[in-house]
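Commentary on secondary and tertiary structure
The chain contents come next:
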Amino acid sequence: MKISIITATFNSEKTLQDTLDSVLRQDYRNIEHIIIDGGSMDSTVDIIRAYASKTTSHSVKWVSEKDRGIYDAMNKGIAMATGDVIGILNSDDYFTSNDVVSKLIKPFSDEEIDAVYGDIHFIHDKEPEKITRYYSSKMFSPFWLRFGFMPAHPSLYVRKEIYDKVGLYKLDYKIGADFEMVVRMFHVHKIKAHYINMDFVTMRNGGASTSGVQSHKLLLQEDARACRENGLYSNQFLISLKYLYKVFEFRI
């Protein structure tokens, strides 16, 4: 079974090599790595070109051109993907261990399983061994979508045929298109997913949806909108309740 891993990049020279190395270290080999660059002006493209020319353990596809942001890049990657299963690994993230792909691919042997997800953790860039926040997807069920809960998006791997059915990421969302996609998949199309109690991905703090008061305010607005547009009752107050739970994810 082939798995397509999509990595969106833009001026990612400081972090991209860690991402690429973590894919190279995977003990599962039937990987198609698709890198969509938004027209980087630093050495990102040089790093990608070197990686693509030297990698023999799996196939690499890449393109560098201006785009409309990360969700546009993800959509381009999905359109290019030829794997049976598709996942997203962003350019400032990396696989936590070398057996992530081989573990997550196993449940897909059950033809009724549409998606697989697990856990992720966050770090400060200068202290990669210290976990600052652990995001467990264990408690997720579609019921919790109305409260803004979703499986950790960097851990979500979905059959390509599901994307063919539900469509692509909506580009009129600035930072909440991943949540909207999950609502569409789990609430509207009622996909069947399997949780693996495993830490899939290491993320650096400071992503667009996790930093700053304004970003959290926008995310509340977009999450509420995602529920409304997909026929799921919710509002910004209900979604804001998730922050009471998220306090317990942080590590001192």
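Residues numbered from 1 in each chain as written. Predicted model: local features only at pLDDT ≥ 70, side-chain atom pairs only at ≥ 80, totals over all residues. Heavy atoms only, no water.

1. Brief notes about the environment of Asp99
For the record, the criterion: Under the scheme used here, helices are H or I runs from DSSP no shorter than 4 residues and strands are E runs no shorter than 2 residues, and both carry numbers assigned from the N terminus. Each residue is placed in one exposure class: buried if its accessible area under a 1.4 Å probe, protein chains only, is under 20% of its type's maximum, exposed if it is over 50%, and partly exposed if it falls in between. In what follows, residue pairs with any heavy atoms lying within 4.5 Å of each other are defined as contacts. Here a polar contact means two N or O atoms within 3.5 Å. Within protein one must be a hydrogen donor candidate and the other an acceptor candidate, and residues neighboring in sequence count only if both atoms are side-chain atoms.
Considering the arrangement of structural elements, one finds Asp99 in the loop between β5 (93-95) and α4 (100-105). Overall, Asp99 belongs to the partly exposed group, its relative accessible area being 22%. Counting along the chain gives 74 residues from Asp99 to Arg25, while the straight-line C-alpha distance between them is 8.5 Å. Not counting residues up to four positions away in its chain, the partners in contact with Asp99 are Gln26, Asp27 and Met198. Looking at Asp99, its side chain comes within polar contact range of the side chain of Lys103, at 3.0 Å.

2. Points about the side chain of Ser91
Tracing the backbone shows Ser91 in the loop between β4 (85-88) and β5. A polar contact is formed between the side chain of Ser91 and the backbone oxygen of Ala8, at a distance of 3.2 Å. Each residue touching Ser91, except ones within four places of it in the same chain, is listed here: Thr7, Ala8, Thr9, Ser12, Thr15, Leu16 and Thr19.

3. Describing the pattern of salt bridges
Note the following rule: We count a salt bridge whenever a side-chain nitrogen from Lys or Arg sits within 4 Å of a carboxyl oxygen from Asp or Glu.
Counting across every chain of the model gives 14 salt bridges. With a shortest N-O distance of 2.8 Å, Lys76 and Glu65 are connected by a salt bridge. Of this pair, Lys76 sits in helix α3 (residues 70-80) while Glu65 is found in the loop between β3 (59-64) and α3, placing the two residues eleven residues apart along the sequence. You can call Lys76 partly exposed: its relative accessible area is 22%. Asp125 serves as the salt-bridge partner of Arg204, at 2.8 Å between the closest nitrogen and oxygen. Of this pair, Arg204 sits in strand β9 (residues 193-204) while Asp125 sits in the loop between β6 (115-124) and β7 (127-135), placing them 79 residues apart in sequence.

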